[in-house]
Number of protein chains: 4
Amino acid sequence: MKTLHISPSSLHRVPFRSVSDCIGTGRLGLALHREYVDQLRLVQEHCHFRYIRGHGLFCDDIGIYQRVSTDHGEVTRYNFTYLDRIMDTYLELGLRPFLELGFMPSKLGSGTQTVFYWKGNVTPPADDQEWVLLVENTLKHLAARYGAQEVAQWPVEVWNEPNLPGFWEHADRDRYLHLYDITSRAVCRAVPGIRVGGPAVCGGDSCLPWIDAFLSFSETHDLPLDFLTRHVYMARTPERNGRYVYHSMWSAEQSMQELADTREVMQRHARFASIPVYVTEFNTSYHPFCPIHDTVQNAAIMSSFLALVGDYADSCSYWTFGDVFEEQGIPSTPFHGGFGLVANGQIPKPTMWTFQFFNQLHGQCVYRDDHLILMQDGDRYEGILWQICPEKQEDLQVNLSLQAGERSLLVCERVDMNHANPLQDWLNMGQCPNPSAAQTALLKRSAQPEIRTCVPEITDGCAHFSLQACDHAVIHFMLSPAPQSRDDGYNEAWYR
Amino acid sequence: MKTLHISPSSLHRVPFRSVSDCIGTGRLGLALHREYVDQLRLVQEHCHFRYIRGHGLFCDDIGIYQRVSTDHGEVTRYNFTYLDRIMDTYLELGLRPFLELGFMPSKLGSGTQTVFYWKGNVTPPADDQEWVLLVENTLKHLAARYGAQEVAQWPVEVWNEPNLPGFWEHADRDRYLHLYDITSRAVCRAVPGIRVGGPAVCGGDSCLPWIDAFLSFSETHDLPLDFLTRHVYMARTPERNGRYVYHSMWSAEQSMQELADTREVMQRHARFASIPVYVTEFNTSYHPFCPIHDTVQNAAIMSSFLALVGDYADSCSYWTFGDVFEEQGIPSTPFHGGFGLVANGQIPKPTMWTFQFFNQLHGQCVYRDDHLILMQDGDRYEGILWQICPEKQEDLQVNLSLQAGERSLLVCERVDMNHANPLQDWLNMGQCPNPSAAQTALLKRSAQPEIRTCVPEITDGCAHFSLQACDHAVIHFMLSPAPQSRDDGYNEAWYR
Amino acid sequence: MKTLHISPSSLHRVPFRSVSDCIGTGRLGLALHREYVDQLRLVQEHCHFRYIRGHGLFCDDIGIYQRVSTDHGEVTRYNFTYLDRIMDTYLELGLRPFLELGFMPSKLGSGTQTVFYWKGNVTPPADDQEWVLLVENTLKHLAARYGAQEVAQWPVEVWNEPNLPGFWEHADRDRYLHLYDITSRAVCRAVPGIRVGGPAVCGGDSCLPWIDAFLSFSETHDLPLDFLTRHVYMARTPERNGRYVYHSMWSAEQSMQELADTREVMQRHARFASIPVYVTEFNTSYHPFCPIHDTVQNAAIMSSFLALVGDYADSCSYWTFGDVFEEQGIPSTPFHGGFGLVANGQIPKPTMWTFQFFNQLHGQCVYRDDHLILMQDGDRYEGILWQICPEKQEDLQVNLSLQAGERSLLVCERVDMNHANPLQDWLNMGQCPNPSAAQTALLKRSAQPEIRTCVPEITDGCAHFSLQACDHAVIHFMLSPAPQSRDDGYNEAWYR
Amino acid sequence: MKTLHISPSSLHRVPFRSVSDCIGTGRLGLALHREYVDQLRLVQEHCHFRYIRGHGLFCDDIGIYQRVSTDHGEVTRYNFTYLDRIMDTYLELGLRPFLELGFMPSKLGSGTQTVFYWKGNVTPPADDQEWVLLVENTLKHLAARYGAQEVAQWPVEVWNEPNLPGFWEHADRDRYLHLYDITSRAVCRAVPGIRVGGPAVCGGDSCLPWIDAFLSFSETHDLPLDFLTRHVYMARTPERNGRYVYHSMWSAEQSMQELADTREVMQRHARFASIPVYVTEFNTSYHPFCPIHDTVQNAAIMSSFLALVGDYADSCSYWTFGDVFEEQGIPSTPFHGGFGLVANGQIPKPTMWTFQFFNQLHGQCVYRDDHLILMQDGDRYEGILWQICPEKQEDLQVNLSLQAGERSLLVCERVDMNHANPLQDWLNMGQCPNPSAAQTALLKRSAQPEIRTCVPEITDGCAHFSLQACDHAVIHFMLSPAPQSRDDGYNEAWYR
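Definitions and cut-offs
- Residues numbered from 1 in each chain as written.
- Chains lettered and ligands numbered in written order.
- Predicted model: local features only at pLDDT ≥ 70, side-chain atom pairs only at ≥ 80, totals over all residues.
- Heavy atoms only, no water.
- Helix = DSSP H or I, 4+ residues; strand = E, 2+ residues; numbered from the N terminus.
- Rg over C-alpha atoms; globule rule 2.2 N^0.38 Å.
- Buried < 20%, exposed > 50% of the residue type's maximum accessible area, 1.4 Å probe, protein only.
- Contact = heavy atoms within 4.5 Å.
- Pairing = 2+ DSSP bridges.
- Axes fitted to C-alpha atoms, helices over the stretch in contact; angles between N-to-C directions.
- Least-squares fit on C-alpha atoms with pLDDT ≥ 70 in both.
- Buried area = accessible area lost by both parts, 1.4 Å probe.
- Salt bridge = Lys/Arg side-chain N within 4 Å of Asp/Glu carboxyl O.
- Polar contact = N/O pair within 3.5 Å; in protein donor to acceptor, adjacent residues only side chain to side chain.
- Nonpolar A, V, L, I, M, F, W, Y, C, P; charged D, E, K, R; others polar.
- Phe/Tyr/Trp six-rings, centres within 6.5 Å; stacked < 30°, edge-to-face > 60°.
- Domains from an automatic or database assignment.
- Expected span 1.5 Å × (residues − 1).

Caption draft 1: The overall build of chain A, seen in detail. What chain A contains, in helices and strands, is 11 helices and 27 strands. Radius of gyration (C-alpha) of chain A: 24 Å, near the 23 Å computed for a compact globule of 496 residues. Overall, the C-alpha framework of chain A stretches about 90 × 55 × 50 Å when taken along its three principal axes. Across the 496 residues that make up chain A, the buried fraction comes to 65%. Sequence-distant contacts, at least 24 apart, represent 75% of the contacts inside chain A between residues at least 6 apart.

Written out as structure tokens, the structure is:
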């Protein structure tokens, strides 16, 4: 057992930013699904994200780009039926789109290479002008429907992971730079004041040269560039078994190095040295059938990540909110290692609570280490404690003494192997692929964090209490004044 | 620690009836309240009662009986606006009214004596004919609105606790028998086939002579009498402090003696020897400011009561479902010892779960003692275990070995001092009289039973598991087959 | 047929204020009712009022003022259970309370005189200090619960109609002035920055001396007085029949004279010459069983009132939003001449649409006469046309020519004898006192205004269209640009 | 003006069956969409269909049939994630699936021919055994999830329109008969007691030989065949313009001949002579971009169809309930001639009301001609009147005299060019492709039928009233007793 002591003298103003304001989603076309919307509503009720970003805006299932036969021959028409339905949904749920421009409508692609089970075309446009018109008309349509002022607040990113050959034909850098050139200008023409960025690269150090080149090119060509985007995944080399993937993880500290390196590259380009960095995707594994995503371990790892990422980035976007997701095929079981914060059937996974805990933090950070964040807001303290156990690690005890008035209430919410761990219950059930309504109801109930209250002892003007964290625990706690009241004649001690 | 062993040889078919199909409510006029309806909806979602019974059908706040000035002088008119609204609500929530005819409209009373903070007039009618017309017209109106076939399924009870002078002027038995005479005949005239009963008496042995006289009178006068009603409260002599009341309780076994005695009196009246007995009110204390009602102890005591009452009665009605209740004044705090299964603010109290657990039981009872009920339904076992600790009593451990297939799932839901005990959380909060929305949300969350699953060891064709009950625990458990499935390549052991 | 011509040359900037931002309600205790809340929600969905004002804040049914026996004898306690529930409801529906301080808790009254079926005590306090503490503690409690900043935005009015002996014992002016003195000071002590006013008088010229004396007294004693309040009812001498009342009405112009006179009195008191005037109650009849309230005629009369009242007053409050109302007893039929904008059963009455129409107006008023208001907002015109027919009056035709682009859409919503007139449908049904669910559903459907669209002819840069108003019609219309679009190959003329 | 007189002597018991108990849907995969579910919920609230039938059960987007790589090579796995979600939805909405087995998973197809924008593979199975296992395992899965007793009530149809080469490669009859052979047997093995049928043919007389051959084959091979299915469309040769199609229509009488012919063919096959005939698809046009579907004319034509079809068929299924539909591409405007009873945006089309009117009829039919159906149920009459105007036709007046008591209420709901015609309002709006929320709200409101009540004159024991039908009107009316009531003193004539 490792023991940590926190007392008033341990506390000072510490820099800390909670920057998890964006959430990822599988291809946008799935936003037409009812289960998707219900999962997203659930996530929003708890985590209150402000932006949502996903792939496939221009893919065939949304159907924006149409070629139509008329008396005058075949012409291009734009069909915004599904796009509007999706954007309406996001706004209804309090989310603004973080628009990723891609992939290619198959009729506009210069080739036939596709990515994913759902076959997104990843080739450059066969006709630059048609692409530019597609981008421009789509943005103008959105501005007409939702107001230019509103749409100007939707960040726009050009393509996804062009440095990977699976996502951009041959990972052809020059063609990407050209794409960024024509696209970023079109975006700004369509909606004055809108912010645009890239290059949405993925991978560790390997993507730094890309970023470097991208910044040089943008500088040279005087392109609009309001923010820089990249992805961060913590997974190391995978082992495969069937459709499933398993790997060990880099630590959060190691992952931060990627962002520090990114900032360093940016320093070389004066004009862009201080633009915001948006981590437009992050997670442990980058694979939608990696069982870690469903675990309490994942919740603890994400805590360690969120505690640090605000030091390097201005926004980060967990990939993804839900398990209505088809990149590697349709899941056949509710728990299968999908990216989602919510499993199919509206079952919260442990990691959802990590985001709820971090996104509700407020006040001033007064303590931060690799297991604990503590915030103060007047006479109220709020904190998150986590413990990751990749290998056998010591349990952790934290003894806290915090300034308090006459009487205080401590409220603790706990996620660990025994609480808010529906994966374990589903394993106990026998891994039923298609849970009945009653089974799903049970999983939802057991997916709630334990909530406990107590009244800490007060001595010397401090409330004293201990928290134990073991087995991937993530604990949110709040200490606040709770003056004693009592109705005349009420004796709470009589019936015990 | 007391230990109990249950093995297949302990099990046989045992008689047991779950008869808690009715629920009590404060005066019907409060059914117009939104908070009342919301509490009742919550209770119905969990407990699925079939009938609801409360006071005050004819009281001034519902306003059925009106005297109106016309050109021809003052005449009687019936106003069914509020009555219909209330009945609509009950039916919407899946409940049929169990109609208690009373108390007296103040304009029809022969005196001014009232009961309760809300001043129900408890005097006999000044004019028998006007009373009979009121009863008849009300029932005919209901039959016209809801269908005679439907209304014929609503039991009707004449008055409430006429053997207590607070509820019926001078507790005048002869006047009650006369009231029953004219009323029961009016009821049957109004809706053929409807069932009517009485005398709704309260108190221990003291009410047996009343029952005896009532049955004799009904026999002699050949009155309709389809069921006999009485109340059972477990409380002994109270101590008062301010508006609060405290007492020790009779055991469930002792309370059953009252019902056994009632059955014995009935044997003396051949015609009514085997009519159903309805316990139209029961609870621990009969006082709405007795703190026991909010406790887990109350939940455990009610378990002991429900395990036995079906041996003596054909229906029982817990008094009451909710805390929108004004008999001794308006509560000024959410927890104050009100009768309700739900506290104001939609917070479930521990006893609500007792009723949920008992009302969902199905299958054949195979074991019953004073701590445990076990039901079997094919290859599924379901049980309830409880432990009451009025004084310091041993903790209880039950070791169960139940026939099972290859793999089984055990699901346990637990209510005890540390789970589903929002009273304790509210005490920790400092007994805030008017919780904020956030405080109420916390109380609701902490009011949920713990739910746990596990996979018991199987040997010799039996699943083996233990349950511990201490500190007023009420535990519902279910053992059911859970065959193992597994998707190709899925390895649940990788991330632990 | 009277004909009016409106062309671009008829239009100029005309002063007009829509000031109907407050709505009345029967006694606050009824806000606990579900039907009340549902009616208020319906009204808010359509009319978006910002404040709500009603009687009975301190009456016994809300139960704030309690005398409790303790070991130290009887003491005063405040019970805010119901008050909080009611305020929560209002805020949930987007309404701030306009607090009317009154009537008297019966235990604090100096006498036993009551008003209404629900018996509000209308006597001065038996103990000034107890009253002042009641006011102060109630406001402090609200500030603690909802925030002082929020509560400072709730206007406070002292008592209701003290110039009528039914509402204030003997209509004793000096005692009212004293009450205002101690109360207004208490209010400002409790919540700094809050606004307080009076004297809430009712009646025509007869109340002017009251206002005059009130202003003098407030000036002399240097009392807080942020706004002046009075009531305006249009009804003349009533005829009674049973519980119903019938009268002819003053015109809106005649009613405005009462407000002009009020303003004139205010001019005599320099300090208060320009404080706001709030009409805290207005309607045609002041009686809740006057059949006019349910009629389309009432909707037309209210249009004439709302078109003018902003010239004289800064806020007005229609008395009342709904028919959950008991001042003269419980209604026994859905249509009975109640004040409500909504009849029991959630059935909108014609007058609700008048308020929807006026409260949604925006832009600049460009035309106003005694039948028509026309607003312009850029290239959009919006108007309301009404026609009152107390005796046989000419039908009205308005021919409009309004500047327009190439193609415009006209949308008209109509309320008249044949549209949005559920009273007529209920009369046709035979005046059923207790409509079934199916009957209520039919009444709701027939209660909707007719909505029609058309494409007016455009010549000389103007769209030309006519509106006919007869039989108490209230018509809302909007003209807006509607450019023509058409999908390739779509021929709307084929199937006609 | 054509005039019809109906009097008591015109009325006799007339045979009439309302058989519209099933509704069609675009491919089942779209049932995952939220807009789809919302449209279906709206339809069910009004029309209360009992079954739903659509294409694409086995298509790739539902993803049931999966080939998975394992250590033992590639194996077949079934993925029921989406299937269960869809079936859950249908049952939640009160619908049982009418299972159409088709089309072919692309990995199981023997070829690559596809149908529709969404590319359903229409080739025979490459491996009969794999197909049989797919059918069997799917049905067994459903029986395990929903209960065999429940699933036994879901009719099963083998394939869709195999007589058209677009839907079944080469329209190869022998291969279809073989498919029916192996499939129907598999179905019955999987769920004993389930009912199976075919051949789901389409087209006029041309499909009679197919039916004949199908019956012969089934007889010879002793196949299970519980019902015969075919389609009926009323459209004649189309004209095309862009993606739109226009045609004139056969009359309902002409369409009935197709069914009469079908019955005649069945007479030749003794074993199947009297099995039920299910029209598993019908509509005016068979094309999802034929503007007639949105018109009131379509509503009138469907009335004429529904009045007759019960004479020949035992069930019929309008193709389709909603406009979430992609067979010829994604609609780019809310009104585009889609099949749906509801337009995108939840806007009811006129034809929805036809189905509501017919599906709510009850009682005994007492009159039927080519414009009118009249039902009697005790003292209540209910009827539907319609008027189709393909070319300029006379308006229709019906004068009715129906037996009635002292006072009656007539309720009329009207759909015609000026009522419940949102297409016209959308045309007036300028055919906006993507209506805003406000525009959609307006379209929904104007899409409601006019509802009017009146009190017909009663003479000689009959109520007398007239109905006018012009311009494709569909009118539902109901005459029912409405005795007069009146509260003391209420004078409805005072304010008029």
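Caption draft 2: Summary view of the sheet that holds strand S12 (residues 227–233) of chain C. Residues and elements named next belong to chain C. An order of S6-S3-S2-S16-S15-S12-S11-S10-S7 is seen for the nine strands of this open sheet, with the pairing classed as parallel. Looking at the sheet topology across the chains shown, the edges are occupied by strand S6 (96–97) and strand S7 (99–101). Across four bridges, strand S2 (residues 22–25) lies against strand S3 (residues 51–54) in parallel orientation. By the bridge assignment for S3, Cys22 is matched with Tyr51. Sheet strands in contact with helix H7 (residues 252–267) are S12 and strand S15 (277–283), and its direction is about 155° off that of S12.

Caption draft 3: View of the relation of the copies chain A and chain C. After a rotation of 180° and a shift along the axis of 0.1 Å, chain A superposes on chain C with an RMSD of 0.1 Å. Accordingly, the operation relating the two chain copies is best matched by a two-fold axis.

Caption draft 4: Focus on the interface of chain A and chain C. Contacts between chain A and chain C engage four residues on the former and four residues on the latter. A buried area of about 300 Å², summed over both sides, lies between chain A and chain C, and 36% of it is on carbon and sulfur atoms. It is Thr70, Arg77 and Asp488 of chain A in chain A that bury the most area against chain C; as a group they hold 89% of the surface buried on that side. In this structure, Asp488 of chain C and Arg77 of chain A form a salt bridge, with 2.7 Å as the shortest nitrogen-oxygen distance. At the boundary of chain A with chain C, the tally comes to two residue pairs in polar contact (both at pLDDT 80 or more). Grouping the constituent residues of the side of chain A that touches chain C by class yields one nonpolar, one polar and two charged.

Caption draft 5: Representation of the packing of aromatic side chains within the structure. A complete count under the given rule lists 150 aromatic pairs over all chains for this structure. For the ring pair Tyr244 of chain C and Tyr490 of chain D, a centre distance of 5.2 Å and an interplane angle of 70° mean the geometry is edge-to-face. Highlighted residues: Tyr244 of chain C in strand S14 (residues 244–246) and Tyr490 of chain D in the segment after strand S27 (474–481), drawn from two different chains. Tyr244 of chain C sits in the buried class, given a relative accessible area of 0%.

Caption draft 6: Inspection of the relation of the copies chain B and chain A at higher detail. When chain B is fitted onto chain A, the two copies agree to an RMSD of 0.0 Å after a turn of 180° and an axial shift of 0.0 Å. Looking at chain B, 100% of its interface residues are interface residues in chain A too, so the copies touch through the same face.

Caption draft 7: Quick look at the domain arrangement of chain A. Residues and elements named next belong to chain A. In terms of domain boundaries, chain A breaks down into domain 1 (2–12 + 363–481) and domain 2 (22–359). A separation of 32 Å is found between the C-alpha centroids of domain 1 and domain 2. Opposite the 32 residues of domain 1 that make contact, domain 2 presents 27 residues. Surface buried jointly by domain 1 and domain 2 totals about 2,300 Å² across both partners, of which 75% is contributed by carbon and sulfur atoms. The tally of links from domain 1 across to domain 2 stands at one salt bridge. For Asp311, the salt bridge is made with Arg368, and the minimal N-O distance between the two is 3.1 Å. Taken together, the connections running from domain 1 to domain 2 amount to three residue pairs in polar contact (both at pLDDT 80 or more). Among the elements of the structure, strand S21 (380–386), strand S23 (408–415), helix H10 (422–429), helix H11 (437–446) and strand S27 (474–481) are those that each provide at least two residues to the side of domain 1 that touches domain 2. Here the side of domain 1 that touches domain 2 is composed, by residue class, of 19 nonpolar, seven polar and six charged.

Caption draft 8: Structural detail: helix H8 (residues 296–309) of chain B. Residue and element names in this part refer to chain B. If you check H8, its first and last C-alpha atoms are 20 Å apart, about what 14 residues at 1.5 Å a residue would give, namely 20 Å. Burial runs high along H8: 14 of the 14 residues are buried. A distance of 3.3 Å separates the backbone nitrogen of Gln297 from a side-chain oxygen at the start of H8, and that oxygen is part of Thr295.

Caption draft 9: Spatial organisation of the environment of Arg67 of chain C. All names here are of chain C. With respect to the helices and strands, Arg67 occurs in strand S4 (residues 65–70). Overall, Arg67 belongs to the partly exposed group, its relative accessible area being 28%. Ignoring anything within four residues of it in the chain, the contact list for Arg67 reads Glu74, Val75, Thr76, Lys107 and Glu130. A distance of 3.3 Å separates polar atoms of two side chains, one belonging to Arg67 and the other to Glu74. A distance of 2.7 Å separates polar atoms of two side chains, one belonging to Arg67 and the other to Thr76.

Caption draft 10: Quick peek at the side chain of Asn399 of chain C. All names here are of chain C. With respect to the helices, strands and loops of the structure, Asn399 is situated in strand S22 (residues 396–403). A polar contact is formed between the side chain of Asn399 and the side chain of Gln397, at a distance of 2.8 Å. If we ignore the near neighbours within four places in the chain, the residues touching Asn399 are Thr3, Leu4, His5, Ile6, Phe465 and Ser466.

Caption draft 11: Spatial organisation of the pattern of salt bridges. Residues and elements named next belong to chain B. One pass over the structure, following the stated rule, counts 124 salt bridges over all chains. Residue Glu157 pairs with Arg53 through a salt bridge whose shortest N-O separation is 2.6 Å. With Glu157 in strand S10 (residues 156–158) and Arg53 in strand S3 (residues 51–54), this residue pair connects regions lying 104 residues apart in the sequence. Arg53 sits in the buried class, given a relative accessible area of 0%.

Caption draft 12: Structural view of the interface of chain B and chain A. Each partner contributes to the interface: chain B provides 58 residues, whereas chain A provides 58 residues. Regarding the contact of chain B and chain A, the summed buried area is about 4,700 Å², with carbon and sulfur atoms giving 52% of it. The largest share of the area that chain B buries against chain A comes from Tyr490, Tyr495 and Arg496 of chain B, three residues that together contribute 17% of it. Here Arg445 of chain A ties to Glu413 of chain B by a salt bridge, and the two come within 2.8 Å at their closest N and O atoms. The interface formed by chain B and chain A holds 24 residue pairs in polar contact (both at pLDDT 80 or more) in total. Of all the secondary structure elements, the ones that give two or more residues to the side of chain B that touches chain A are strand S13 (239–241), strand S14 (244–246), strand S23 (408–415), helix H10 (422–429), helix H11 (437–446) and strand S24 (450–454) of chain B. If you tally residues by element for the side of chain B that touches chain A, the top one is H10 of chain B, at seven residues. Residue composition of the side of chain B that touches chain A, grouped by class: 26 nonpolar, 20 polar and 12 charged.

Caption draft 13: Here's a closer look at the environment of Tyr180 of chain D. All names here are of chain D. Mapped onto the fold, Tyr180 is located in helix H5 (residues 173–190). Remark: the alpha-carbon pair of Tyr180 and Pro224, spanning 44 residues in sequence, is separated by 9.5 Å. Beyond its immediate sequence surroundings of up to four residues, Tyr180 is in contact with Val158, Arg185, Val196, Gly197, Gly198, Phe214, Ser218, Leu223, Pro224 and Leu225.

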